[in-house]
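Coordinate analysis (summary)
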2 protein chains.
Amino acid sequence: METCVLKGCFVDAPTFGSLRVREGSFLVLVDGVIQGLWDRLPEEYAACPMKDYGEALVLPSFADLHLHAPQYPMLGMGMDLPLLDWLGTYTFPAEARFADPDYAREVYRKLARELIACGTTRVCRFSSLHTDATLILMEELEKAGVTGYVGKVNMDRNGGVNLQETTEESIRETERWLERCGGFAHLRPILTPRFTPSCTNELMAWLGRTAAERNLPIQSHLSENDREVQWVRELHPDCGQYWETYAKYGLWNDRTLMAHCVWSDQRERAAMKEAGVTVVHCPDSNVNVCSGVAPVRTMVEEGLKVALGTDIAGGDHLSMFDAVTSAIRASKIRQLTDPAHPAFLTVAEAWYLGTSAGQAFFGAGPGFAVGEKLHALVLEDSDLPQPHPLTARERLERCLYRRQEEAIRAVWSEGRLVLDRGEK
Amino acid sequence: METCVLKGCFVDAPTFGSLRVREGSFLVLVDGVIQGLWDRLPEEYAACPMKDYGEALVLPSFADLHLHAPQYPMLGMGMDLPLLDWLGTYTFPAEARFADPDYAREVYRKLARELIACGTTRVCRFSSLHTDATLILMEELEKAGVTGYVGKVNMDRNGGVNLQETTEESIRETERWLERCGGFAHLRPILTPRFTPSCTNELMAWLGRTAAERNLPIQSHLSENDREVQWVRELHPDCGQYWETYAKYGLWNDRTLMAHCVWSDQRERAAMKEAGVTVVHCPDSNVNVCSGVAPVRTMVEEGLKVALGTDIAGGDHLSMFDAVTSAIRASKIRQLTDPAHPAFLTVAEAWYLGTSAGQAFFGAGPGFAVGEKLHALVLEDSDLPQPHPLTARERLERCLYRRQEEAIRAVWSEGRLVLDRGEK
């Protein structure tokens, strides 16, 4: 058993809206598992090796619950196009290139490293429909220290040139992929019907059965864009609402992630709450592709599970610092433009969504919960000018708004130190 | 006479919505003044020293037309407070510290360097009410290579603790400041009544007379927030609209900058157009402090002069890369929430606002206009993954969305090389 002590200024969000600040405190790890957080180091750990981060902030690392790995090379491009045009003319060709394993290796290695450099250690991530590239993505994430779920995309209709499977291929390749997922320590498979228009009923039914038989989680998109919602209505005239196209095939339960939900009305939101579906709010993406501004605080107040995603490359940044402050801005915009929307998200609330709420999808307790493997980032902000002596809360807010990736000194993932920039 | 040739991939925005791309071209400077841009270098310049930037993008540097220098240390803090509370409890105490010249020197030196590192070479900038700190700000900007206008703030009412002048002090200190502004090569004074609630009628009248007598430009705030608009109405019951409180004292002409204008209705906008006032749109700040989302494209289509500002520290970033993409998002939000608003700003349009439209306030022609001193930044983006061979337009879009400050290899300001990171 290996014991290690971290010293620093610890801040986490144990509940929605609360911050726990522990300055000059000690966090003890045994084999990477958090034993506790103390103001004075207990005698029994006095002789253990220590990482002394001084006054630096030690924060839970981020959980990004929705992003498209093969869109990483096109990050920040094509933003003048609306969603469905952007998919057809831009995104699908970019994804089609991942038929080439060498290209996939090069791109995914870069992506995995950039994720860690941004302090994101947990992800739920769409790959493309390519099995080999999906396995390469899982290998590269694992090597870099990123944990979580990755999904080979299923799409047997309405795809792009060189980016569509037959139903049979989709099933066969998904089975082949699942058979090869056993070898990863920190990455697990998640079933990933791209969205309802991309999957035939037969494929949806097979995915629902497979989720149940193999006990697998599910991720997809829901009610992102009004044209898309209309399209789904035409494809499934038997379903009153978009969510029912997932529910009727067994793809709607408490291990389901649904990205966006911009246009989900009260009934659809109630269905999410009842089933325990997690909403992944992706504020920048929703504005970039002109989908709308999701009523994020309404969803939280109604008791839905809400986490955050960057949704690259609809989102234009891999950084969850951005996703947190953009969620705040999205809630402010709702407040400014929608009389029915409650107050905006505070810094503490939005940061909870980007950390503790995301962790929950992986079954982890909030913040630095005892008994969990450590996921953390260490931020050294001492060289910024001080208008007055700052509280830890002010330092946290500033780090989020200033997106201080460059100030990250160290990143811990699943109890392991995966990035160590040493002293400045 | 010193001649110098730059080689690279030049992109600029000669008009609203158009891009001019000149790959592998040559720009010739004589004493820092642009002579022209050629596909093949004219024979007469063949022997001149050359800066060969290879395939790198050479873009006009940014013009940031509204930001508060003394708020730099509080960048990214206090964002959970609404505008007027934020001013009273946060901003005014932060500004009051600039009574100390040593503190001012330290902060402003850092700020000036960060501006250049972000590729911003032209600014219109609020200082605090402190004359000495304002002169220090001008010195530090000049040393770093930032050009433009700086204003000592006038505020003889409704200030904060240790942050208010008497009318007499304000006039005397403004005169003292103006006398000492002659020594700068690239910085000039701009009269700066903070906003109508901060200035007595007597002070406003004196500022208007001084602007006329000394031929000085003017900057202030207009119709940022609904509570503020209401307050101005109470202070000036004789004025039908906010803008008239400036106009009646001679502070409303074609050398006037008005930040925000979120709540300016058609009549107020028509008054801006008629007088030639420039609107400074500050999209992030407007959302951060819950003021609203300005109808930016409506203003452009109505023929108003519109430029961009970061408005730190209401804005949370010094980078004009952010201001440009945030202006696009603001226009998308207006489109999504306001049926009367026209289409969103394209990348080319928003970038025009952040470069050529800003340059115009300094009397400079758009983009790389012949006869102007060169203001440029050089961006090396070759190490990013390529989904396909990119056009210069795509590279520009990506640089803007990815806010590639770290990719800036060189910055030119007023014809001089002010940042040179050399080869990678």
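Residues numbered from 1 in each chain as written. Chains lettered and ligands numbered in written order. Predicted model: local features only at pLDDT ≥ 70, side-chain atom pairs only at ≥ 80, totals over all residues. Heavy atoms only, no water.

Let's shift gears to the overall build of chain A. For chain A, the helix and strand inventory stands at 14 helices and 17 strands. Computed over the C-alpha atoms, the radius of gyration of chain A is 21 Å, within 12% of the 22 Å expected from 2.2 N^0.38 for a compact globule of 424 residues. Projected onto its principal axes, the C-alpha positions of chain A cover 65 × 50 × 35 Å. The buried share of chain A, reckoned over its 424 residues, is 68%. (Helix = DSSP H or I, 4+ residues; strand = E, 2+ residues; numbered from the N terminus. Rg over C-alpha atoms; globule rule 2.2 N^0.38 Å. Buried < 20%, exposed > 50% of the residue type's maximum accessible area, 1.4 Å probe, protein only.)

Under the definition given, this model contains 48 salt bridges over all chains. With a closest N to O distance of 2.7 Å, Arg334 of chain A and Asp338 of chain A form a salt bridge. Using a relative accessible area of 19% as the deciding quantity, one classes Arg334 of chain A as buried. A salt bridge links Glu165 of chain B to Lys152 of chain B, with the nearest nitrogen and oxygen atoms 2.5 Å apart. Here Glu165 of chain B, found in the loop between strand E8 (153-154) and helix H4 (167-179), pairs with Lys152 of chain B, found in the loop between strand E7 (147-151) and E8; they are 13 residues apart in sequence, far enough to count as distant. Residues Glu165 of chain B and Lys152 of chain B agree in their burial class; the two are buried. Each of Arg105, Arg109, Glu139, Glu140 and Lys143 of chain A takes part in salt bridges that share partners, so that together they form one network. (Salt bridge = Lys/Arg side-chain N within 4 Å of Asp/Glu carboxyl O.)

Okay, the domain arrangement of chain A next. Residue and element names in this part refer to chain A. Split by domain assignment, chain A resolves into domain 1 (3-61 + 366-420) and domain 2 (62-354). For domain 1 versus domain 2, the distance between C-alpha centres works out to 29 Å. Of all residues in domain 1, Phe16, Leu400 and Tyr401 give up the largest surface area on contact with domain 2, accounting jointly for 30% of the area buried on that side. Linking domain 1 with domain 2 are 1 salt bridge, by the criterion used here. Between Arg403 and Asp322 there is a salt bridge, with its nearest N and O atoms 3.9 Å apart. (Domains from an automatic or database assignment. Buried area = accessible area lost by both parts, 1.4 Å probe.)

Right, let's get into the environment of Leu304 of chain A. Residue and element names in this part refer to chain A. Mapping Leu304 onto the fold places it in the loop between helix H10 (296-301) and strand E14 (305-308). Considered as a pair, Leu304 and Ala348 are 44 residues apart in the sequence and their alpha carbons are 18 Å apart. Those residues within four positions of Leu304 in sequence are excluded, and the remaining contacts are Arg269, Met272, Lys273, Val279 and Met299. (Contact = heavy atoms within 4.5 Å.)

Residues and elements named next belong to chain B. In space, the 4 strands of this open sheet follow the order E5-E6-E7-E9, with parallel pairing throughout. Because the sheet does not close on itself, it has two edges, and the strands there are strand E5 (62-68) and strand E9 (187-189). Neighbour-to-neighbour, the strand axes of this sheet turn through a mean angle of 20°, independent of strand direction. As defined by bridge partners, E5 adjoins strand E6 (residues 120-126) across 5 bridges and the pair is classed as parallel. (Pairing = 2+ DSSP bridges. Axes fitted to C-alpha atoms, helices over the stretch in contact; angles between N-to-C directions.)

A separate point is the layout of surface pockets. Put simply, the largest pocket is a space of about 1400 Å³. Along the walls of the largest pocket sit 48 residues, with Arg403, Glu405 and Glu406 of chain A together with Glu405 and Glu406 of chain B positioned nearest its centre. A breakdown of the residues in the lining of the largest pocket according to their chemical character gives 16 nonpolar, 6 polar and 26 charged. (1 Å grid on protein atoms, 1.4 Å probe; cavity = no way out; pocket = protein on both sides within 12 Å on 5 of 7 lines; lining within 4 Å. Points joined across faces, edges and corners; volume = space filled by probe spheres on them. Nonpolar A, V, L, I, M, F, W, Y, C, P; charged D, E, K, R; others polar.)

What follows concerns the relation of the copies chain B and chain A. Rotating chain B by 180° and moving it 0.0 Å along the rotation axis overlays it on chain A with an RMSD of 0.0 Å. Taken together, the rotation and translation relating the two chain copies correspond to the operation of a two-fold axis. In terms of proximity to the rotation axis, the leading residue of chain B is Thr337 of chain B, whose C-alpha is 3.5 Å off the axis. Of the residues that chain B buries at the interface, 100% are likewise interface residues in chain A, meaning the two copies contact each other through the same surface. (Least-squares fit on C-alpha atoms with pLDDT ≥ 70 in both.)

Quick look at the sheet that holds strand E2 (residues 20-30) of chain A now. Residues and elements named next belong to chain A. Spatially, 7 strands are ordered E3-E2-E1-E4-E15-E16-E17 in an open sheet, and the strand pairing comes out mixed. A strand with exactly one partner marks an edge of an open sheet, and here the two such strands are strand E3 (33-38) and strand E17 (416-420). Here the average twist between neighbouring strands, direction ignored, is 35°. Bridge analysis of strand E1 (residues 3-12) against strand E4 (residues 50-60) gives 5 bridges, and the strand direction is parallel. Within E4, the residue paired with Leu6 across the bridge is Lys51. The sheet contacts of helix H14 (residues 392-401) involve E1, E2, E4 and strand E15 (376-379), and relative to E4 the element is tilted by about 70°.

Moving on: helix H4 (residues 167-179) of chain A. Residue and element names in this part refer to chain A. Relative to the 18 Å expected for 13 residues at 1.5 Å per residue, H4 spans 19 Å between its end C-alpha atoms, a close match to the ideal helical length. Thr167, Ser170, Ile171, Glu173, Thr174, Trp177 and Leu178 are the residues of H4 that are buried. Those residues of H4 that are buried lie in contact with helix H3 (131-144), strand E7 (147-151), strand E8 (153-154), strand E9 (187-189) and helix H5 (201-214). (Expected span 1.5 Å × (residues − 1).)

A few words now on unusual backbone geometry. Each neighbour pair has its own omega, and for Ile312 of chain A with Ala313 of chain A the value is 5°, a cis peptide bond. Within the fold, Ala313 of chain A resides in the loop between E14 and helix H11 (320-337). Here Asn158 of chain B, not a glycine, exhibits a phi torsion of approximately 55°, which is positive. Looking at the element boundaries, Asn158 of chain B is found in the loop between E8 and H4.

Residue and element names in this part refer to chain B. Structurally, Thr310 can be placed in the loop between strand E14 (305-308) and helix H11 (320-337). By relative accessible area, Thr310 is classed as buried at 5%. When residues no more than four places from it in sequence are discounted, the contact partners of Thr310 are Asp64, His66, Leu67, Ser285, Gly315, His317, Leu318, Ser319, Met320 and Ala323.

Right, let's talk about the packing of aromatic side chains for a bit. Between two aromatic rings, the relevant description is the distance of the centres plus the angle of the planes. Taken as a whole and assessed by the stated rule, the structure comprises 24 aromatic pairs over all chains. Both rings, one in Trp243 of chain A and one in Trp252 of chain A, keep their centres 5.4 Å apart while their planes meet at 35°; by these two values the pair is tilted. Taken individually, Trp243 of chain A and Trp252 of chain A each receive the classification buried, so the pair is uniform in this respect. Relative to Tyr246 of chain B, the ring of Tyr242 of chain B has its centre 5.8 Å away and its plane inclined at 20°; by these criteria the two rings are stacked. Remark: Tyr246 of chain B and Tyr242 of chain B occur in helix H7 (residues 242-247); sequence separation between them is 4 residues, near one turn of the helix. (Phe/Tyr/Trp six-rings, centres within 6.5 Å; stacked < 30°, edge-to-face > 60°.)

What follows deals with the interface of chain B and chain A. Facing the 47 residues of chain B at the interface are 47 residues of chain A. Here chain B meets chain A over a buried area of about 4300 Å², counting both sides, of which 56% is carbon and sulfur. For Asp316 of chain B, the salt bridge goes to Arg329 of chain A, with nearest N and O atoms at 3.2 Å. Taken together, the connections running from chain B to chain A amount to 34 residue pairs in polar contact (both at pLDDT 80 or more). Contributions of two or more residues to the side of chain B that touches chain A are made by helix H1 (83-96), helix H2 (101-117), helix H9 (283-288), H11 and helix H14 (392-401) of chain B. In terms of residue count, H11 of chain B provides more of the side of chain B that touches chain A than any other element does, 6 residues in total. (Polar contact = N/O pair within 3.5 Å; in protein donor to acceptor, adjacent residues only side chain to side chain.)

As a further point, take the side chain of Thr91 of chain B. Secondary-structure assignment places Thr91 of chain B in helix H1. Every residue in contact with Thr91 of chain B, bar those within four places of it in the chain, is listed here: Gln71, Met74, Trp86 and Arg194 of chain B.

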